[in-house]
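Next come the chains, spelled out residue by residue.
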Amino acid sequence: MEQTLSIIKPDAVAKGVIGKIMDRFESNGLRIAAAKKMQLSEADAQAFYAVHAERPFFKDLVEFMISGPVVAMVLEGEGAMAKNRDLMGATNPQEAEPGTIRADFADSIDANAVHGSDSVENAKNEIKFFFSDREIV
Ligand code: GDP
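Remember, predicted model here, so these are calculated numbers, not experimental data.

A. Region of interest: the pattern of salt bridges. Summed over all chains, the structure comprises 5 salt bridges. Residues Asp104 and Arg24 are paired through a salt bridge, measuring 2.8 Å at the closest nitrogen-oxygen approach. Placement of the pair is Asp104 in helix H6 (residues 101–105) and Arg24 in helix H2 (residues 18–26), with a sequence separation of 80 residues. Classification of Asp104 by relative accessible area gives partly exposed; the value is 41%. Between Lys59 and Glu63 there is a salt bridge, with the nearest N and O atoms lying 3.1 Å from each other. Note that Lys59 and Glu63 are positioned in helix H4 (residues 58–65) at a spacing of 4 residues, about one turn of the helix. Residue classification places Lys59 among the exposed residues on the basis of a relative accessible area of 60%.

Laid out in structure tokens, this is it:
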């Protein structure tokens, strides 16, 4: 079964909407195969977002991702990667479709509530970044 990585970002954790966001996944056919709350280090965030290292917003992105705890999850289901992207909505919450996670819970393009892998290949690497095999059940 296809798997993807989701992260509930520090803004949504601070707002107390972990449960509401998890419910979006579980109510839409995505099983939570792994989950953990953690505080990322600066090195963790830089490594996770290495693909964006040259972007002007990289420093802000890293600072934001270490500004408080996150919840990392493995979501599993048919077409899990694309389904999660649909549930998340556009990167900029102002452009996100009504009813999406970002439309409902995000404040800005920096503080946009969730991360989701953008390809099945990236999902595999991102899952390995956060979880060992025995944590995915
Ligand atoms: P995602 O896959 O929808 O999360 O978007 P990307 O992979 O393109 O970007 C990763 C994250 O970087 C986004 O979720 C935003 O938090 C942040 N980001 C992307 N584009 C911008 C931008 O133009 N400005 C700022 N400040 N942050 C951005």
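B. Local environment of the nonpolar core. Ranked by size, the top nonpolar core spans 21 residues in total, and within it Leu5, Ile7, Met65, Val74, Phe130, Phe131 and Ile136 carry the most contacts. Secondary-structure elements contributing two or more residues to this core are strand E1 (3–8), strand E2 (31–38), helix H3 (42–48), H4, strand E3 (70–76) and helix H7 (120–130). No other element matches the 5 residues that H4 contributes to this core. The contact partners of Ile7, leaving out residues within four places of it in the chain, are Phe48, Met65, Val70, Val71, Ala72, Ala113, Val114, His115 and Phe130.

Parameters at a glance
- Residues numbered from 1 in each chain as written.
- Predicted model: local features only at pLDDT ≥ 70, side-chain atom pairs only at ≥ 80, totals over all residues.
- Heavy atoms only, no water.
- Salt bridge = Lys/Arg side-chain N within 4 Å of Asp/Glu carboxyl O.
- Helix = DSSP H or I, 4+ residues; strand = E, 2+ residues; numbered from the N terminus.
- Buried < 20%, exposed > 50% of the residue type's maximum accessible area, 1.4 Å probe, protein only.
- Core = buried A, V, L, I, M, F, W, Y, C linked by side-chain atoms within 4.5 Å.
- Contact = heavy atoms within 4.5 Å.

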